[in-house]
2 protein chains.
Amino acid sequence: MAAQRGQRNGVGVTPPAPTAAEITTPIPRVTEVPAARERARAIPEAAVARLAVYLRVLSGMQEHGSGTVSSEELAAAAGVNSAKLRKDLSYIGSYGTRGVGYEVAVLIEEIERILGLTRKHSVAVVGIGNLGHALANYGGFPGRGFPVTALFDVDPDLVGVPVGGLPVGHIDDIARVCAEREVSIGVIATPPPAAQAVCDRLVSAGVQCILNFAPVVLQVPDHVEVRKVDLAVELQVLSFHVARRADNAAVLAEANGRAANGRAVDGMVVS
Amino acid sequence: MAAQRGQRNGVGVTPPAPTAAEITTPIPRVTEVPAARERARAIPEAAVARLAVYLRVLSGMQEHGSGTVSSEELAAAAGVNSAKLRKDLSYIGSYGTRGVGYEVAVLIEEIERILGLTRKHSVAVVGIGNLGHALANYGGFPGRGFPVTALFDVDPDLVGVPVGGLPVGHIDDIARVCAEREVSIGVIATPPPAAQAVCDRLVSAGVQCILNFAPVVLQVPDHVEVRKVDLAVELQVLSFHVARRADNAAVLAEANGRAANGRAVDGMVVS
DNA sequence: GCCTGTGAACGGCTTCACAGCG
DNA sequence: CGCTGTGAAGCCGTTCACAGGC
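Residues numbered from 1 in each chain as written. Chains lettered and ligands numbered in written order. Predicted model: local features only at pLDDT ≥ 70, side-chain atom pairs only at ≥ 80, totals over all residues. Heavy atoms only, no water.

1. Here's the deal with the overall build of chain A
To keep it simple, the criterion reads: Here a helix means four or more residues in a row that DSSP labels H or I, a strand means two or more in a row labelled E, and each is numbered from the N terminus. Burial classes: relative accessible area under 20% of the type maximum marks a residue as buried, over 50% as exposed, and values in between as partly exposed (1.4 Å probe, protein chains only). Only heavy atoms enter the contact rule, under which two residues are in contact if any of them lie within 4.5 Å. In this description, accessible areas are obtained by the Shrake-Rupley approach with a 1.4 Å probe, and a residue is regarded as covered only by the protein chains that are shown.
Assigned secondary structure in chain A consists of 9 helices and 10 strands. Expressed as a percentage of its 271 residues, the buried residues of chain A come to 45%. Considering only residue pairs separated by 6 or more positions, chain A has 57% of its internal contacts joining residues 24 or more positions apart. Accessible surface for chain A amounts to roughly 13300 Å². Of this, 54% is attributable to carbon and sulfur atoms.

So, in structure tokens, the structure goes:
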């Protein structure tokens, strides 16, 4: 995956072009917790994403009645190695028992706390086409905690039509409706040309987190967090691997032909 | 986001536990191109994903009639810094002109070549629910080059029904149909419990690249490439940022209260 | 003079390996 | 003795800064 992250906006880094705010505000204000005082906020983004995966695996284990897991078991189920898993868990605290493992219920609780899943996050979906429909019908979104509370589109024929039990609103009402329903996450599922404008509207409406399905690089202020899901990119990355595989196969055929008599390098089934 | 990648299976690295193949195969076969001989295969995965983004931006520029771009312009449009862009492009060769920039047409061609987009990649979608419908209707998939040539589901009511102009096939025919239509990419859009079984079937059918939308960690052989798109994870990562923001805001309110008289750290609008 | 291409420095994530504790 | 928790090492991707050409 692939997340869209802006420049790291580290404190003290000179930005390419100073923003208006920086020029016109003579008295700076503390806007980032000083490194010394950061309260374990040092969880790598990659680890955060994995924590979400562990959480899902743990939920499955809890349903199957497991009370305890070792790092080895959990790691296998999550598709990572156990050292990485233990490191990831160590970022959120020490909730395991040496010689035994982790209590499933405890881990679930702690991960949910860290991920902020104890509070509900109201979601708005903008763009009720094929994808928007699918998203709206997900119904409450994965694992609960992300209720879809607003749908928007420009098409007048769609406005008012209920999708997934929720009537579609007109895009011009974004600001008002998002404020009323305290939307904290905006999902953009519009055609590419509309995406930036929709994004701007969401941002002015106070939405600070955006999940973007449109194949467009969104420009947003520093305080807004964007993650993107880009089908074209995913397919093209896979395409790259297909091509690489084909190339390697060609080279390997040749290599194996040449070095047919002696041992070569190392073995691994390639089909 | 976030790609699912197995252990790096580097040549010469002792695996945690030797596989059956390694134990029972006395004569190893070359299955990976030796480091010395690798033909610029050293493109970081992250760079590959960005190349796909550059490609899209470049296509837009070409339509708007631009013949040339500087690294600065292209980088801005793609949302990265220019150093990274130049580094990424350097992985595929030296196609720029010093003092001038890059020719749009040339870059497009070279990136397409590297990404393997000169050949078509036939796509099969499995699981024709909400999401599957949306994917099938994308019609030919982004930017051409990824024609959807097969749809599958278990539901007998769906089999035979045309979706996006293509009749849905039964899941039991995966192997035959994928072979016939030379499917190189399988897309899994099934409910979670079915995902692993579908994946296994795709793999036995010879599909080596999988795009997984099901919230499940797929277990696949080493030679199969899996990328996953995980809505729950994306939302939970955003949730984490919401929570972090809230925490910081609390701490900052306190900090600004305390240090109200003197300058603090550095400025940046936080809303 | 300007912009590309890239070695080198840097930083952050991953892996290792073992101390620490139940 | 087993498994967690973690400093340290290693590795890889990003950023810097400037040499190299046009």
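2. Concerning the sheet that holds strand 2 (residues 96-97) of chain A
Residues and elements named next belong to chain A. How we decide: Here, a strand pair is defined by DSSP locating no fewer than two bridges between the strands.
Strand order in the open sheet formed by 3 strands is 1-3-2, with antiparallel pairing between adjacent strands. Looking along the sheet, the strands with just one partner apiece sit at the ends: strand 1 (68-69) and strand 2. By the bridge criterion, 2 bridges tie strand 1 to strand 3 (residues 101-103) in an arrangement that is antiparallel. For Val69, the partnering residue across the bridge sits in strand 3 and is Tyr102.

3. Focus: the protein's contact with DNA strand C
What counts, and what does not: One heavy atom within 4 Å of a molecule or strand is enough for the residue carrying it to be called near that molecule or strand. Contacts described as polar in this section are N or O atom pairs within 3.5 Å, which, within protein, must combine one atom able to donate a hydrogen with one able to accept it, while residues neighboring in sequence count only if both atoms come from side chains. Classes in brief: Ala, Val, Leu, Ile, Met, Phe, Trp, Tyr, Cys and Pro nonpolar; Asp, Glu, Lys and Arg charged; the others, Gly included, polar.
By nearness alone, 24 residues border DNA strand C, and Arg50 of chain A together with Ser71, Arg86, Gly96 and Tyr102 of chain B come closest of all. Looking at DNA strand C alone, sugar and phosphate atoms form 66% of those within 4 Å of the protein. Between DNA strand C and Arg98 of chain B, the relevant distance is 3.1 Å, taken from a sugar or linking oxygen to a side-chain nitrogen or oxygen of the residue. Contact distances for DNA strand C include 2.7 Å between a phosphate oxygen and a side-chain N or O atom of Tyr102 of chain B. Breaking the surface near DNA strand C down by element, the ones donating at least two residues are helix 2 (45-63) and helix 4 (82-92) of chain A together with helix 4 (82-92), strand 2 (96-97) and strand 3 (101-103) of chain B. For the surface near DNA strand C, the residue count by class is 6 nonpolar, 10 polar and 8 charged.

4. Notes on the UniProt feature "binding site: NAD(+)" (unreviewed entry) in chain A
Residue and element names in this part refer to chain A. Threshold: UniProt positions are given in the numbering used here, feature names are shortened, and annotations may be inferred rather than shown by experiment.
In the numbering used here, UniProt assigns the feature "binding site: NAD(+)" (unreviewed entry) to Gly127, Ile128, Gly129, Asn130, Leu131 and Gly132. When you line up the elements, Gly127 lands in the loop between strand 4 (122-126) and helix 6 (130-137). What makes Gly127 buried here is its relative accessible area of 7%. Each residue touching Gly127, except ones within four places of it in the same chain, is listed here: Gly132, Phe152, Asp153, Ala189 and Thr190. In this structure, Leu131 sits in helix 6.

5. Quick word on the nonpolar core
Here is the rule we go by: Throughout, nonpolar core names a set of buried Ala, Val, Leu, Ile, Met, Phe, Trp, Tyr and Cys residues whose side chains join them through atoms within 4.5 Å.
Ranked by size, the top nonpolar core spans 80 residues in total, and within it Leu58, Leu89, Ile111 and Leu151 of chain A together with Leu151 of chain B carry the most contacts. The element best represented in this core is helix 2 of chain A, accounting for 11 residues. For Leu151 of chain B, the contacting residues outside a window of four places in its chain are Val125, Ile128, Ala136, Val163, Leu166, Pro167, Val168 and Gly169 of chain B. Among the nonpolar cores identified, the runner-up in size contains 31 residues, and Val233 of chain A together with Leu55, Leu74 and Tyr102 of chain B belong to it.

6. Some words on unusual backbone geometry
The backbone of Glu182 of chain A sits at a positive phi, close to 50°, despite the residue not being glycine. Relative to the elements of secondary structure, Glu182 of chain A occurs in the loop between helix 7 (174-180) and strand 8 (183-188).

7. Description of the sheet that holds strand 8 of chain A
All names here are of chain A. Reading across the sheet, the 7 strands line up as 6-7-5-4-8-9-10 and stay open at both edges, with mixed pairing between neighbours. Where the open sheet ends on each side, the last strands, each with one partner, are strand 6 (162-163) and strand 10 (225-228). Both strand 4 and strand 8 contribute to a ladder of 5 bridges, which runs parallel. What sits directly across from Val123, in strand 8, is Ile185.

8. Re the side chain of Ser82 of chain B
When you line up the elements, Ser82 of chain B lands in helix 4. Among all residues touching Ser82 of chain B, those that are not within four sequence positions of it are Ser71, Glu72 and Ala75 of chain B.

9. A short note on helix 4 of chain A
All names here are of chain A. Our working definition: The arc in question is the one spanned by the directions pointing from the helix axis to the C-beta atoms.
Along helix 4, the positions that sit buried rather than exposed are Ser82, Leu85, Asp88, Leu89 and Ile92. Seen from one end, helix 4 has its buried residues packed into an arc of 125°, which puts them on one side. Residues of helix 4 that are buried in the fold lie against helix 2, helix 3 (71-78), strand 3 and helix 5 (104-114). N-cap assignment for helix 4: the residue whose side-chain oxygen lies 3.1 Å from the backbone N of Ala83 is Asn81. Positioned one or two residues after helix 4, Gly93 has a phi angle of 135°, which is positive.

10. What about the protein's contact with DNA strand D?
Neighbouring DNA strand D are 26 residues; Ser71, Gly96 and Tyr102 of chain A together with Arg50 and Arg98 of chain B lie closest to it. Taking Gly99 of chain A, its main chain carries an N or O atom lying 3.1 Å from a sugar or linking oxygen of DNA strand D. Between DNA strand D and the protein, one listed contact pairs a phosphate oxygen with a side-chain N or O atom of Arg50 of chain B at 2.8 Å. Mapped by element, the contributors of at least two residues to the surface near DNA strand D are helix 4, strand 2 and strand 3 of chain A together with helix 2 (45-63) and helix 4 of chain B. Per-class residue counts for the surface near DNA strand D are 7 nonpolar, 11 polar and 8 charged.

11. Details of the pattern of salt bridges
Note the threshold: We define a salt bridge as a side-chain nitrogen of Lys or Arg found within 4 Å of a carboxyl oxygen belonging to Asp or Glu.
As enumerated under the stated definition, the model contains 16 salt bridges over all chains in all. Residues Arg176 of chain A and Glu180 of chain A are paired through a salt bridge, measuring 3.1 Å at the closest nitrogen-oxygen approach. Pair noted here: Arg176 of chain A and Glu180 of chain A are both in helix 7, with a separation of 4 residues, about one helical turn. Residue classification places Arg176 of chain A among the partly exposed residues on the basis of a relative accessible area of 46%. Glu234 of chain A is paired through a salt bridge with Arg227 of chain B; the nearest N and O atoms lie 2.4 Å apart. Pair noted here: Glu234 of chain A is in helix 9 (residues 231-258) and Arg227 of chain B is in strand 10 (residues 225-228), and the two residues belong to different chains. Arg227 of chain B matches Glu234 of chain A in its accessibility class, with the two residues each being buried.

12. Section: the pairing of strand 4 of chain A
Residue and element names in this part refer to chain A. Of all 5 residues that make up strand 4, 5 are buried, and the element is covered over most of its length. Residues Ser122, Ala124 and Val126 of strand 4 are buried on one face, and the alternating residues Val123 and Val125, pointing to the opposite face, are buried as well. Note that strand 4 and strand 5 (residues 148-153) share 4 bridges and pair parallel. When the sheet's bridge partners are listed, Val123 is paired in strand 5 with Val148.

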